Amino acid sequence: MCGIVGYIGEAQAAPILLDGLSKLEYRGYDSAGIAVYDGTDIQVKKATGRLKVLNELTHDGVTMPGTLGIGHTRWATHGAPTDANAHPHYNSTETIAVVHNGIIENYLKVKKRLLEKGYVFQSDTDTEVIAHLLDYYYKGDPIETITKLMLRLEGSYALGIIFKDHADVLYAVRKDSPLIVGKAAEGSLIASDVPAVLKYTREVYFIQNEEIAVLSRDDISFRNVDGEPITKESTTIEWDINAAEKGGYEHFMQKEMYEQPKTVRDTLSPRLKDGRIVIEELGMTDDEIRGIRKIHIVACGSAYHTRVTAKYVFEGLARIPVEVDLASEFRYRNPILEEGALVIIISQSGETADSLAALREARSRGVKTLGIVNVVGSSIAREADKVMYTWAGPEIAVATTKAYSAQLIAQYLLALKFAQVRGTVTERECAGMIGDLKKLPEQIELLLGSKERIQRFANRYIAAKDVFFIGRGIDYAISLEGSLKLKEISYIHSEAYAAGELKHGTISLIEEGTLVAAVATQEDLYKKTISNIVEVRTRGAFVMAVTNTGNTEIEKAADYVIYIPQTNRYFTNSLAIIPLQLFSYYVSVGRGCDVDKPRNLAKSVTVE
Ligand code: AGP
């Protein structure tokens, strides 16, 4: 996700901003920029590409004199990575500059209002809307302006703001995106994350939601959403820089697992408006949606596993036939793509060679294509006819977790949207499912809280040789992902099987003590899966079951049970995968594996 920094004090701001941005590079970005008040005007320099481009552009900050500034590394969400879309953004008279981390969910609505009032936009970003809205509200009092802004904006934001008329103060405000304030000898700083300020100070203030920070050259104060003064205690940071980049977590994978509630919320909320599902970027009319005869969903690895779930969800809700394919197979099997087919390519990176080739194969046949992608401006995002982004932010760990969760959400929304348009679900059913979707972030949070119990269980299996995951229907899809997580980061052999398939051969591998993870979240299949649990237990297996709260019957069959909160049967993957991610993570840690960079693997497989 984006990174913001800011500085005010006696030293030159630009070198401090550039240094702070370099400490946020690990967050992933595609462009960067800084704004510095030079005593007369607010100068802005920004560029796509790596930070060194900006360093060269500003001669390491030397050509941007001034002691007040803000800086930004952009991870594109709205608008491709271009110089125009890079931050900071100005208002039209260049008297206000702003940097932003987050997603403004109502930016199109606000932009429309501002356009009607004659505002002219230079970019496609949601952030520029903030710059012009500040301009619209500004009557001379920055605090009053910011509090009005906060009442108008919907979504998440951490903002650094400079007002030319008040160039002795740096303002910052946040809602749902992280923001800290640092008090240093050289002056005061703001940043998205601790690493950006550690070089200057370990005394930081963690800004809470809807709090405003007011930094002058010799003082830091805080206001609430009503503009009233509040007092805050500072915290002394004990982390080293390496731990700080992971937000205090031991690994990026762990940090990203814990970002899943936010990732799900960020991918979901902007597409739920007044009880309706709104996927503006889809660009498909209702008639086009009704005209879809078949959906082909194509991907690799974990993205492939989300589609096995999606097959059940699209067919169950929208009653559209779905064919799922591994991209490496699809691209060579001369697929039959009929009139009215929609090909959906799913890819976190948007650069996976097999998935990109599959997309090109589909497009060469003149078939409509949709990309579900996490990286804005990536090849698949650019080449698909339409793209639906999963706003998971950059995922650093090779083993995907938060992007996987976001891909599931995107497909639930798409299936529900199609079902709404095609009339295969009632408004009441749809409202119920939207309600279930909205509960997922807090339910994921709850499951993440059971890490100690799972860690203790995982430690018993760090020497395991074979682990099997079994499930039926969507539970099979969950098993596929659970198995891949375990093997890719712990190097333990693991296989996932449709539970009904085990007896057709593989059950011969079950020995005394073999761990079998049985996923049983589909109520209509409980009894069948329980019979499969009994099958393997009678052959010596130790069975860990993942099931819905209340299904205590399973305790008679399984040895160890993990319960997930109740949700719609189509959405259980989003919950059941959490304990399986934690299990794999702790087994890998227990084995001393390189959790974030497992052997032989790359984050994006850009070769065949
Ligand atoms: C999952 O943990 C792996 N990193 C891998 O299977 C990955 O999902 C696959 O390579 C697809 O990547 P993509 O989503 O970037 O296309």
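Residues numbered from 1 in each chain as written. Predicted model: local features only at pLDDT ≥ 70, side-chain atom pairs only at ≥ 80, totals over all residues. Heavy atoms only, no water.

Visitor: So what's going on with empty space enclosed by the protein? Which residues, and what values?
Guide: Enumeration over the complete set of coordinates arrives at 3 cavities of 30 Å³ or more. If you add up the space inside the second largest cavity, you get close to 40 Å³. Broken down by secondary-structure element, the contributors of at least two residues to the lining of the second largest cavity are β1 (3–9), α1 (13–22) and β10 (187–191). Broken down by class, the residue content of the lining of the second largest cavity amounts to 8 nonpolar, 2 polar and no charged. (1 Å grid on protein atoms, 1.4 Å probe; cavity = no way out; pocket = protein on both sides within 12 Å on 5 of 7 lines; lining within 4 Å. Points joined across faces, edges and corners; volume = space filled by probe spheres on them. Helix = DSSP H or I, 4+ residues; strand = E, 2+ residues; numbered from the N terminus. Nonpolar A, V, L, I, M, F, W, Y, C, P; charged D, E, K, R; others polar.)

Visitor: Explain helix α10 (residues 301–318) to me, and be specific about the residues and the numbers.
Guide: Here α10 contains 18 residues, and its C-alpha end-to-end distance of 25 Å stays within 8% of the 26 Å for a straight helix at 1.5 Å per residue. Along its length, α10 shows its largest kink, about 30 degrees, at T309. Counted residue by residue, α10 has 13 buried out of 18 residues, so it is predominantly covered. Positive backbone phi, at 55 degrees, marks R319, one or two positions downstream of α10. (Expected span 1.5 Å × (residues − 1). Bend = angle between axes of the 7 residues up to and from the residue. Buried < 20%, exposed > 50% of the residue type's maximum accessible area, 1.4 Å probe, protein only.)

Visitor: Residues and numbers for the pairing of strand β21 (residues 368–373), please.
Guide: Among the 6 residues of β21, 5 are classified as buried, and the element is accordingly described as predominantly covered. The sheet contact formed by strand β20 (residues 341–347) and β21 spans 6 bridges and is parallel. Paired with I344 across the two strands is L370, which belongs to β21. Between the parallel elements β20 and β21, the chain passes through helix α12 (residues 353–364) in a crossover that is right-handed. The pairing of β21 with strand β22 (residues 386–389) spans 4 bridges and is parallel. Within the sheet, the bridge partner assigned to V373 lies in β22 and is Y389. (Pairing = 2+ DSSP bridges. Right-handed = clockwise from strand over helix to strand, strands pointing away.)

Visitor: Now, about the sheet that holds strand β14 (residues 229–230): what can you tell me, with residues and values included?
Guide: Reading across from one edge, β5-β6-β7-β8-β12-β13-β14 is the order of the 7 strands in this open sheet, with antiparallel pairing throughout. Two strands close off the open sheet at either side, each with one partner strand: β5 (89–90) and β14. Pairing geometry for strand β6 (residues 96–101) and strand β7 (residues 157–163), over 6 bridges, is antiparallel. By the bridge assignment for β7, I96 is matched with F163.

Visitor: Describe the site of the ligand, and please don't skip the residues or the numbers.
Guide: Lining the immediate surroundings of the ligand are 14 residues, of which S347, Q348, S349, T352 and E488 lie closest. One nitrogen or oxygen atom from the main chain of Q348 is found 2.7 Å from an oxygen atom belonging to the ligand. Between an oxygen atom of the ligand and a side-chain N or O atom of S349, the distance comes to 2.7 Å. Relative to its free-state accessible area of 410 Å², the ligand is covered by the protein chains to the extent of 91%. Mapped onto the shell around the ligand, the elements with two or more residues apiece are α10 and α17 (474–490). (Near = heavy atom within 4 Å. Polar contact = N/O pair within 3.5 Å; in protein donor to acceptor, adjacent residues only side chain to side chain. Areas by Shrake-Rupley, 256 points an atom, 1.4 Å probe, with all protein chains shown as cover.)

Visitor: Describe the nonpolar core, naming the residues involved and giving the relevant values.
Guide: Core analysis: the biggest nonpolar cluster contains 121 residues, and I295, F314, I344, L414, F418 and F583 have the highest contact counts within it. If you tally residues by element for this core, the top one is helix α14 (residues 402–422), at 12 residues. Those residues in contact with F418, other than ones at most four positions away along the chain, are L282, M284, I289, I292, I295, F314, A318, I320 and L342. (Core = buried A, V, L, I, M, F, W, Y, C linked by side-chain atoms within 4.5 Å. Contact = heavy atoms within 4.5 Å.)

Visitor: Tell me what's going on with the layout of surface pockets, and back it up with residues and numbers.
Guide: In this structure, the largest pocket occupies an estimated 1,000 Å³ of space. Forming the walls of the largest pocket are 48 residues, and the residues nearest its centre are D176, S177, P178, E259 and K262. Of all the secondary structure elements, the ones that give two or more residues to the lining of the largest pocket are β6, β8 (169–175), α7 (252–258) and α8 (260–268). For the lining of the largest pocket, the element with the most residues is α8, which contributes 5 residues. Across the lining of the largest pocket, the residue classes break down as 17 nonpolar, 15 polar and 16 charged. Lining the second largest pocket are 32 residues, with E105, P270, K273, E280 and W391 positioned closest to its centre.

Visitor: Could you give an account of the pattern of salt bridges, naming the residues involved and the relevant values?
Guide: As enumerated under the stated definition, the model contains 26 salt bridges in all. The shortest N-O distance in the salt bridge between K175 and D176 comes to 3.5 Å. Take D176: its relative accessible area is 35%, and that puts it in the partly exposed class. The partner of D559 in a salt bridge is R537, and the shortest N-O contact between them spans 2.7 Å. (Salt bridge = Lys/Arg side-chain N within 4 Å of Asp/Glu carboxyl O.)

Visitor: An account of the environment of V425 is needed here, citing residue identities and associated values.
Guide: By the secondary structure assignment, V425 is in the loop between α14 and α15 (427–448). The class of V425 is buried, set by a relative accessible area of 10%. Separated by 205 residues in the primary sequence, V425 and I220 have C-alpha atoms spaced 54 Å apart. In this structure V425 touches L317, A419, Q420, C430 and M433, once residues within four positions along its chain are discounted.

Visitor: I'd like to hear about the packing of aromatic side chains, residue by residue, with values.
Guide: Taken as a whole, this structure holds 13 aromatic pairs when the rule is applied. Here the aromatic rings of Y461 and F542 are separated by 6.1 Å at their centres, their planes lie at 50 degrees, and the arrangement is tilted. Taken together, the residues Y461 in the loop between α16 (451–459) and β23 (466–471) and F542 in strand β26 (residues 542–548) connect sequence positions 81 residues apart. Here Y461 and F542 have matching classes, each one buried. Taking the centre distance of 5.0 Å and the plane angle of 75 degrees together, the rings of Y585 and Y586 count as edge-to-face. Overall, Y585 belongs to the buried group, its relative accessible area being 1%. Note on Y586: relative accessible area 6%, which makes it buried. A network of ring pairs unites the aromatic residues F457, Y461, F542, Y560 and F583 as a single cluster. Between K111 and the ring centre of F121, over which it is positioned, the NZ or CZ distance is 4.8 Å. (Phe/Tyr/Trp six-rings, centres within 6.5 Å; stacked < 30°, edge-to-face > 60°. Lys NZ or Arg CZ within 6 Å of the ring centre and 35° of its normal.)

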